[in-house]
Amino acid sequence: MTSASPSRSLPRRAAIVGANRIPFARSNGAYARASNQDMLTAALDGLVARFGLQGEHLGEVASGAVLKKSSDFNLTREAVLGSRLAAATPTYDLQQACGTSLQTTLQVANKIALGQIESGIASGVDTTSDAPIEVNEDLRAVLLAANRAKSTAGVLKALAGLRPGQIVPEIPANREPRTGMSMGEHAAQTAATWGISRTAQDEITVNSHRNLAAAYDRGFFDDLMTPYLGLTKDNNLRADSTLEGLAKLKPVFRPAGYPDTEATMTAANSTPLTDGAATVLLASDEWAAERNLPVLAHFVDAETAAVDYVHGDEGLLMAPTYAVPRMLERNGLTLQDFDFYEFHEAFASTILATFAAWEDPIFCKEKLGRDEPLGSFDKSKLNVAGSSLATGHPFAATGARIVPTLAKLLHEKSQRDGSGGRGLISICAAGGQGVVAILEA
Amino acid sequence: MSNDWYSDFVNSGFGKTIAGQVGLPPVPKLRRYEPGQPLLSGPALLGTATADGRVAKVVRSFLTDLGVEVHDDPNAAVGGGSSSSKVAAGIVDATGLSSPADLAEVQAFLTPVMRRIGPSGRILVIGDVPAEAEAPAVRAARRALEGLVRSAGKEARYGATVNLVHVANGAENDLESTLRFFLSSRSAFVHGQRLDVGTVPGFSGSSQGVDWDKPLAGRVALVTGAARGIGATVAATLRRDGATVICVDVPAAGDALARTANDIGGSALQLDITADHAPATILDHAQRHGGLDVVVHNAGITRDKLLANQDRDRWNSVIDVNLNSQLAINDALLSSEVFHRGGRIVTVSSMAGIAGNRGQTSYGASKAGVIGMVDATAPLLVEKDATINAVAPGFIETAMTKAMPVGTREAGRRLSSMTQGGLPVDVAETIAWFAQGASYAVNGQVLRVDGQNFLGA
């Protein structure tokens, strides 16, 4: 293995010490009555218990949620105040759609690397069950006008504008504001562009479920997860998934503008709406050593990219395709220099489109400005402990699920053969963004 | 009407009146330990059966150092009162018996004590180890004490306990933690029992400089099955006594486990103790805390079935969790530096392992097996100055016993000298005492915490 980034020198690298998440639950199921704050607090308290952090004053806790009520403006702070951590631990909320908790990991890791803090928790939480519901824009305008009125007559005049149709609330939808298309519809277009087959998507799906089931069976999550509200495993997991079974499902997303292309995306090879929370404990090596705590892996580098999916001709979820080569370049690495690849499976087609783009000389030349394509890699190293298609995908919690999974895989490898290892993380996000990272053990 | 005519009768209005008039056994409220509580709540009587008694002197100086009012004459006026005033304890040094004739001296001392012992009082008989005597008359006299104590236990009332401690020859100065346990309210539900001190040769240790309010200060303890029930109480009790506690339970119980750990400032380790990697994982985790001093094998399961309906998987799951896991972990502890010199292993057996229980062949086998494990492991630990002991709970009030049928539950409670079930803390106090560094001379023992339950007594 070549050593990453001889040219880049940070003061130090942040260590990934450990993690805790609650099992992920399909929407309107086991966690239907749990709020973001409930789930985040539970995940934090499980982490506190695992590492004996009761009363600890950590450098910071960074978290966030995509679907968040306005009353949860200080979500992370409220969760920490309700947890067993010291109240003196500062917090902030961050939101970058599905990239949220890889971005919070990056923030905490960077502060540790710069010596600004010695320890911190990166996390994310989302509920699609206990989602915020807003009054619709017309009703909001009427109510605000009434609020502004200075006299009773003025109030009554404003309220006279009330109409029955204004009762219909605004429920958050998985829809891009600038295109009006759902994420699935965007992904279906990208799949059609790259000619991604139904079978290839279903293979990714079956592997995700089988790998996750095997990871549970070998106790992989025993020190990464704490049960919550009666759930001990992600309840989206279908350990007995087969290609034959998946082949029977009807497609749900059709690629607009591709009338001759068969629809390939089903409820199985797309992630379901999910509730859950995940946390990662990061620290300096010194902080971990003082407490005799393990170091699973180190955070090496990260890159965030965005693409113009509105006016340009790039797919909504293709930003990682641009982020990864920039990060590899900076670290003097190739796509093949990794022992594990952790790609967030928003849709099976998304990661297949990304792989296809990296193997395509024209895309790599025209879009990435490379003389050679990035090429392919050994897919037996992909999502070996399962990923979002099997676990589910509470938007803001996914990064904090993936980081510890990869860190533990790398730690196991280095324990096993003593030679260390390197892993790549890639997460696509709504709004045409993407966050990618490198970990090493 | 059911077939239980007695129950129907005593639960009818008329029957209730009659039951009150004939005096069904009362249920005494037991004095239980709180930090800072004095050893005894009043004066003590200290008798000596023979001129050869080895321990009276040690006991006397122990009690007077603590400021306890001590009288030799069992008929003495105490506490500014009269010769019939209540006493908190009656202790008799019954070492040095040369024949059954000497037992009359023990009787002469205990007869007034039985009349004078106060609520939750402590009667303690201290004798020689029968097996150390070769002459039949001597061994008979020593052994007779056990029958005396077990019978007196059935006569004691108002939460008073009667227990017997055998002291090996030469161990008379190694009694302090044992005296503190049996005389204090930490032993509230230990009644009619026998314990041997110093019987495994080669022990070493000291109770010098012990902070008796925090006897586990600076020690790291691990408790399996700590998510809830008795295990959670054990963890909290070890913490109260000063230990840092690693709480272990199966991953599926992780949320309750996290609460236990967070409540006591410990750490939570989600682990299937029957997994091959479990011993290594425990040692690995313990290094975060600088090693292990105390391991409490509390985790246990029941998969009750009549033997006629038993099957292999069900049987093996009980033996694996309750017995094999403990053997594997002990092997790892014995061969690792992570388990410190002076360490303590405490395991949980059961009344079912001593007396047997219908439907519990697998559970009873596993819990009797635990006793065999303690017997064989005790001498192996001597070279590490370590010990292993077992507690055998009787009927303890837990979520499990709450779910029992009423009849079974009532029988469990009432068919004991104390006419009540014990509390999880009674088991925990006994475990915490075994876990003390100062309990170095107590090794290879099985102590029932059962209020002298009549099953297998």
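Worth saying up front: this structure is predicted, and the values here are computed from it rather than measured.

The rules behind these values
- Every chain begins its residue count from 1, and numbering advances along the sequence as written.
- As they are written, the chains are lettered A onward and the ligands numbered 1 onward, keeping that order.
- Residues qualify for local features only when their pLDDT is at least 70, as the model is predicted, and side-chain atom pairs are given and counted only at 80 or more; totals for whole chains, interfaces and linings, by contrast, use all residues.
- Put simply, DSSP marks the helices as runs of H or I at least four residues long and the strands as runs of E at least two long, and each gets a number from the N terminus on.
- The exposure scheme places C-beta atoms from the backbone and then counts, for each residue, the other C-beta atoms within 10 Å of its own, assigning buried at 20 or more, exposed at 12 or fewer, and partly exposed in between.
- We call two residues in contact whenever the C-beta atoms placed from their backbones are within 7 Å.
- For two strands to pair, DSSP has to find at least two bridges joining them.
- Comment: axis = line fitted to C-alpha atoms, over the contacting stretch for helices; angle = value between 0 and 180 degrees taken between N-to-C directions.
- Classification convention: Asp, Glu, Lys, Arg as charged; Ala, Val, Leu, Ile, Met, Phe, Trp, Tyr, Cys, Pro as nonpolar; all other residues, Gly among them, as polar.
- pLDDT is a per-residue confidence score from the predictor, ranging from 0 to 100.
- In this scheme, a helix's expected span is set at 1.5 Å multiplied by one less than its residue total.
- Angles below 35 degrees are treated as roughly parallel, those above 145 as roughly antiparallel, those between 65 and 115 as roughly perpendicular, and all remaining angles as oblique.
- Handedness of each helix crossing follows the sense of rotation of the near helix against the far helix: counterclockwise by less than a right angle gives left-handed, clockwise gives right-handed.

Draft legend 1. Region of interest: the overall build of chain A. Looking only at helices and strands, one finds 14 helices and 12 strands in chain A. A burial count over chain A gives 54% of its 441 residues as buried. For chain A, contacts bridging at least 24 residues in sequence account for 82% of all contacts bridging at least 6.

Draft legend 2. Spatial organisation of the sheet that holds strand 10 (residues 292–297) of chain B. Residues and elements named next belong to chain B. What the seven strands build is an open sheet, ordered 9-8-7-10-11-12-13; its pairing is parallel. A strand with exactly one partner marks an edge of an open sheet, and here the two such strands are strand 9 (267–270) and strand 13 (446–449). Between one strand axis and the next, the sheet turns through 20° on average, direction left out of account. Taken together, the four bridges between strand 12 (residues 387–393) and strand 13 define a ladder with parallel strand orientation. The partner of Ala392 across the bridge, within strand 13, is Arg448. Where helix 8 (residues 254–263) meets the sheet, its contacts fall on strand 8 (244–249) and strand 9, and the angle it forms with strand 9 comes to roughly 160°. Against the sheet, helix 10 (residues 312–334) contacts strand 10 and strand 11 (339–348), and its axis sits at roughly 170° relative to strand 11.

Draft legend 3. Up close: the interface of chain B and chain A. Taken together, the 18 residues of chain B in the interface contact 19 residues of chain A. Counting residues per element, the ones that place at least two in the side of chain B that touches chain A are helix 8 and strand 9 of chain B. Sort the elements by how many residues they give to the side of chain B that touches chain A and helix 8 of chain B lands first, with five residues. Here the residues of the side of chain B that touches chain A are counted per class, giving seven nonpolar, eight polar and three charged.

Draft legend 4. Molecular detail of the environment of Tyr216 of chain A. All names here are of chain A. Relative to the helices and strands, Tyr216 is located in helix 7 (residues 198–217). Tyr216 sits in the buried class, given 20 other C-beta atoms within 10 Å. Along the primary structure Tyr216 and Ser129 are separated by 87 residues, whereas in three dimensions their C-alpha atoms are 26 Å apart.

Draft legend 5. Summary view of the environment of Leu283 of chain B. Residues and elements named next belong to chain B. Mapped onto the fold, Leu283 is located in helix 9 (residues 278–286). Taking the C-alpha atoms as reference points, Leu283 and Val338, separated by 55 residues in sequence, lie 6.4 Å from one another. What Leu283 contacts, discounting residues up to four positions off in sequence, is Ala332, Ser336 and Val338.

Draft legend 6. Looking closely at the sheet that holds strand 2 (residues 70–71) of chain B. All names here are of chain B. As summarised here, the arrangement of the six strands in space is 2-1-3-4-5-6, forming an open sheet in which the pairing is parallel. The sheet is open, and its two borders are formed by strand 2 and strand 6 (194–197), each paired with just one other strand. Pairing between strand 1 (residues 44–48) and strand 2: two bridges, direction parallel. Each bridged residue has a counterpart across the sheet, and for Ala44 the counterpart in strand 2 is Val70. Its contacts with the sheet put helix 4 (residues 103–116) on strand 1, strand 3 (87–94) and strand 4 (117–128), and the angle it makes with strand 3 is roughly 170°. On the sheet, helix 5 (residues 136–155) packs against strand 3, strand 4, strand 5 (161–167) and strand 6 and is oriented at approximately 165° with respect to strand 5.

Draft legend 7. Structural view of the confidence of the model for chain B. Here chain B shows a mean pLDDT of 94. Residues at 70 or above account for 95%. Quick note on the complex model: pTM equals 0.92, ipTM equals 0.90.

Draft legend 8. Spatial organisation of the pairing of strand 5 (residues 119–126) of chain A. Residues and elements named next belong to chain A. With eight of eight residues buried, strand 5 is to be regarded as a mostly interior element. Relative to strand 5, strand 3 (residues 60–63) runs parallel, the two being bridged by three bridges. What sits directly across from Ala62, in strand 5, is Ala122.

Draft legend 9. Region of the structure containing unusual backbone geometry. Of note, Ala97 of chain A is a non-glycine position whose phi angle comes to about 50°, a positive value. Position of Ala97 of chain A relative to the elements: it lies in the loop between strand 4 (91–93) and helix 3 (100–113). Its identity as a non-glycine residue notwithstanding, Ser120 of chain B has a phi of 50°, on the positive side. Mapped onto the elements, Ser120 of chain B comes out in strand 4.

Draft legend 10. Representation of helix 11 (residues 348–359) of chain A in the model. Residues and elements named next belong to chain A. Taking 1.5 Å as the rise per residue, helix 11 with 12 residues should run 16 Å; its terminal C-alpha atoms sit 17 Å apart, in good agreement. In terms of burial, helix 11 is largely enclosed, as 11 of its 12 residues are buried. Listing the buried residues of helix 11 in full gives Ala348, Ser349, Thr350, Ile351, Leu352, Ala353, Thr354, Phe355, Ala356, Ala357 and Trp358.

Draft legend 11. Examining the packing of helix 9 of chain B against helix 10 of chain B more closely. Residues and elements named next belong to chain B. Between helix 9 and helix 10, whose axes approach to 9 Å, the crossing angle comes to 50°. The pairing of helix 9 with helix 10 is recorded here as oblique in orientation. Between helix 9 and helix 10 lies a crossing of right-handed hand. Across from Ala278, Pro279, Ala280, Ile282 and Leu283 in helix 9, the residues of helix 10 making contact are Ser325, Ala328, Ile329 and Ala332.

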